Amino acid sequence: MSQGDTYMSFLSIDWTLVFMLCNTLILFLLMKKFFFKPVKKMIDSRQKEVENIYEEANKANSDAQNLKSEYEKHLAGAREEANEIVNLAQKRAQTRSDEIIKEAHDKSAAMIAKADEEIKLERTKVLNDVKSEISDMAVMIAQKVVEKDINFADHEKLIEQFIDGVGDTAWKE
């Protein structure tokens, strides 16, 4: 082969190669039409679904955050209300306790006053009994003294002095 033949063989078109290139191009176009476009559509569809899922998740998350903050507000309000109820109950209990203590104090004061009055009455009764006994004794003494020559006026005077002296001594105790 000569140099010209080599040049010609280099420039000669191999129809097999052209046919293969055409087949590859046709195959590429067919694949593009029937395979790549549907796959791309399916991928785009999946991408949109994923984005929608993320949007829904973000929306659900923000809704949950809103519900959580609303719940916390209600919970804080309930705590405040519970504290107010407890404070009110404590105030009522303290008021009732004060009333009971005051009633008990008033009753004890009345009982003490009544006891003092009874003591005074008993003391007066005892003093009267003592005076009566003393006057009886004085009368007996006076009778014996009268037998010895004391007149009635002296006798009365003696009894009263004796009773007054005993009464003053009893009151001082």
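Residues numbered from 1 in each chain as written. Predicted model: local features only at pLDDT ≥ 70, side-chain atom pairs only at ≥ 80, totals over all residues. Heavy atoms only, no water.

### Considerations on the overall build of the protein
- Within the protein one finds 3 helices and 0 strands.
- The proportion of buried residues among the 173 residues of the protein is 5%.
- Accessible area of the protein: about 15,800 Å², with a carbon and sulfur share of 61%. (Helix = DSSP H or I, 4+ residues; strand = E, 2+ residues; numbered from the N terminus. Buried < 20%, exposed > 50% of the residue type's maximum accessible area, 1.4 Å probe, protein only. Areas by Shrake-Rupley, 256 points an atom, 1.4 Å probe, with all protein chains shown as cover.)

### Observations concerning a negative patch on the surface
- A contiguous patch of negative charge, built from D116, E117, E118, E122, D129, E133 and D136, is present on the exposed surface.
- Structurally, E122 can be placed in helix α2 (residues 15–146). (Patch = residues over 30% accessible without salt bridge, like charges linked within 9 Å, V, L, I, M, F, W, Y side chains within 5 Å. Salt bridge = Lys/Arg side-chain N within 4 Å of Asp/Glu carboxyl O. Lys, Arg positive; Asp, Glu negative; His and termini not counted. Charge placed at Lys NZ, Arg CZ, Asp CG, Glu CD.)

### Side note on the confidence of the model for the protein
- Overall, the predicted model of the protein reaches an average pLDDT of 83, with 82% of residues at or above 70.
- The spread of mean pLDDT over the elements of the protein runs between helix α1 (residues 3–11), the lowest at 56, and α2, the highest at 88. (pLDDT = per-residue confidence, 0-100.)

### Focus on the pattern of salt bridges
- Taken as a whole and judged by the stated rule, the model has 4 salt bridges.
- The salt bridge partner of E99 is R96, with a shortest N-O separation of 3.3 Å. Residue E99 and its partner R96 are both found in helix α2; the two are separated by 3 residues, about one turn of the helix.
- Since its relative accessible area comes to 39%, E99 is described here as partly exposed.
- The salt bridge partner of K102 is D106, with a shortest N-O separation of 3.2 Å. Of this pair, K102 and D106 both sit in helix α2, 4 residues apart, roughly one helical turn.
- On the accessibility criterion, K102 (52% relative accessible area) is exposed.

### Focus: a positive patch on the surface
- Together, K32, K33, K37 and K41 make up a region of like positive charge exposed at the surface.
- As for its position among the elements, K32 is in helix α2.

### As for a nonpolar patch on the surface
- On the surface, a nonpolar cluster with roughly 680 Å² of combined accessible area is contributed by L25, L27, F28, L29, M31, F35 and F36.
- Checked against the element boundaries, L29 lands in helix α2.
- L29 sits in the partly exposed class, given a relative accessible area of 48%.

### Regarding the packing of aromatic side chains
- Applying the stated criterion across every chain, the model contains 2 aromatic pairs.
- Note on F28 and F36: the rings are 6.4 Å apart at their centroids and 55° apart in plane angle, and the pair reads as tilted.
- Among the aromatic side chains, those forming a connected cluster through ring pairs are F28, F35 and F36. (Phe/Tyr/Trp six-rings, centres within 6.5 Å; stacked < 30°, edge-to-face > 60°.)

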